[in-house]
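Listed below, chain by chain, are the residues.
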Amino acid sequence: MDMITQLAAVRSRYEEINNQLQDPGVISNNGLYRTLMKDYKDLTPLIEAYDEYASARAAFDEAREMLEEGGLEPDFKALAQAQYEESKEKIEKLEETLRILLLPKDENDNRSVIVEIRGGAGGEEAALFAHSLFRMYTMYAQARGWKCEMINANETELGGMKEVSFSIDGEGAYSRLKFESGVHRVQRVPETETQGRVHTSTVTVAVMPEAEDVEVEINPAELKIDTFRSSGAGGQHINKTSSAIRVTHLPTGMVVECQDERSQYKNKDKALKVLRSRLLAQKQAEHDSKIAAERRSQVGTGDRSERIRTYNYPQGRMTDHRIGLTLYKLDSILDGAIDEVVDALVTADQAEKLKASMEES
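My aim in this report is to walk through the structure given alongside it, one point at a time.

The next subject is the pattern of salt bridges. Summed over all chains, the structure comprises 26 salt bridges. Among the ionic pairs, Lys38 bridges to Asp42, the shortest N-O distance being 2.9 Å. Taken together, the positions of Lys38 and Asp42, both in helix 3 (residues 30–69) and four residues apart, correspond to about one turn of that helix. With relative accessibility at 37%, the residue Asp42 sits in the partly exposed group. Asp335 is paired through a salt bridge with Arg135; the nearest N and O atoms lie 2.9 Å apart. Of this pair, Asp335 sits in the loop between helix 9 (330–334) and helix 10 (339–360) while Arg135 is found in helix 5 (residues 124–143), placing the two residues 200 residues apart along the sequence.

Pasting the structure below:
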């Protein structure tokens, strides 16, 4: 199916949804109305670009016909030529935009996320950098108006984090953060290093779309739930009540801990939310591994063993190895200003998918 045929089909569907949204029966059905409104909202950017493309195409055809007919006064000919060139350039840009908008969407893009960060090689230095990444992501989320909520943290005496898990609640969070999964490498001189030598440490980041309860069914009989006293640096209630929860999913061996809330019930709810998201991510990974073409159309595989980025403190440099992007603004990046990096990753991903789509057609 060529692009124009696809666009015509999308416009037909868009108008059909618009008509349905005026139907009193649909309006009274909250679930159906929400679903249709989401579809309508998702299709609107594509329809707006299509309308702009149709307008540019009409202006181009008009100018071309005038120039082909000839007999124009010099001034009118110059205007027609300018309209011809301007419309042609606009059409080319809009065709690129439309091809990108027509690419299959990641169904998880609009979801909130669960982020897990773990210190890898490097001991205390890795734990300190894990805290730096936690701070970077939470500052980024706050700048975008997203809500962050701690789930679990295993802190060190020097202020590092051996591991930390937290949720980021906001529309499109997964679309912006999904490329963060992988191994992040840091190169810097630790404060405890007396000879000024640069050490290399690693931190693993996993970003998972938050699963809905109905998507991942968990059999209570397959769970082992333990309670224990919260530990580590924290509030006054630490070590006073056995409110912390450890959930073990027996079929997979996955273990989730949550000790952020005083209530066992709240900690259990948070732990199960993480477990569902892990199981959904595992299911998605198994599906993706069967589709080689899909994996080739992504920026990196998202494999946690893949080194994706280096943060070099002496040089003030951040390098994303997947797309060869190097920025000398490490301080602002670690303060949450990562949009430039995210935008570059999204653009590279779109380019790969567009290339694959054009090869298939």
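After that view, the rundown keeps rolling.
This brings us to the side chain of Glu116. Examined against the element boundaries, Glu116 turns out to sit in strand 1 (residues 113–119). At a separation of 2.8 Å, a polar atom in the side chain of Glu116 contacts the side chain of Arg278.

So, on to the sheet that holds strand 2 (residues 147–155). Overall, mixed pairing links the eight strands, which are arranged 2-3-1-5-4-9-10-11 in an open sheet. Either end of the sheet is taken by a strand with one partner, and the two such strands are strand 2 and strand 11 (325–327). The sheet shows a mean angle of 15° between the axes of neighbouring strands, direction not considered. Alignment of strand 1 against strand 5 (residues 199–209), held across seven bridges, turns out to be antiparallel. Note on strand 5: the bridge partner recorded for Val115 is Val207. Most of the contacts of helix 5 go to strand 3 (residues 161–169), to which it runs at about 10°, and overall it touches strand 1, strand 2, strand 3, strand 4 (182–188), strand 5 and strand 9 (307–312).

About the thresholds
Every chain is numbered independently, its residues counted from 1 as its sequence is written. The predicted nature of this model means local features are confined to residues of pLDDT at least 70 and side-chain atom pairs, given and counted, to a pLDDT of 80 or more, with totals for whole chains, interfaces and linings taken over all residues. Where side-chain values are given, they derive from all heavy atoms of the structure, hydrogens and water being excluded. By definition, a salt bridge exists where a carboxyl oxygen of Asp or Glu is found within 4 Å of a side-chain nitrogen of Lys or Arg. Strands here mean DSSP runs of E at least two residues long; helices mean DSSP runs of H or I at least four residues long; both are numbered from the N terminus. Only protein chains enter the accessibility calculation, which uses a 1.4 Å probe. A residue is then buried if its area is under 20% of the maximum for its type, exposed if over 50%, and partly exposed in between. What qualifies as a polar contact is a pair of N or O atoms within 3.5 Å, subject to a donor-acceptor requirement within protein and to the restriction that residues adjacent in sequence count only when both atoms come from side chains. For two strands to count as paired, DSSP must find a minimum of two bridges between them. Helix axes are fitted only over the stretch in contact, all axes being lines through C-alpha atoms; the angle between N-to-C directions runs from 0 to 180 degrees. The contact criterion used throughout is that any non-hydrogen atoms of two residues lie within 4.5 Å.

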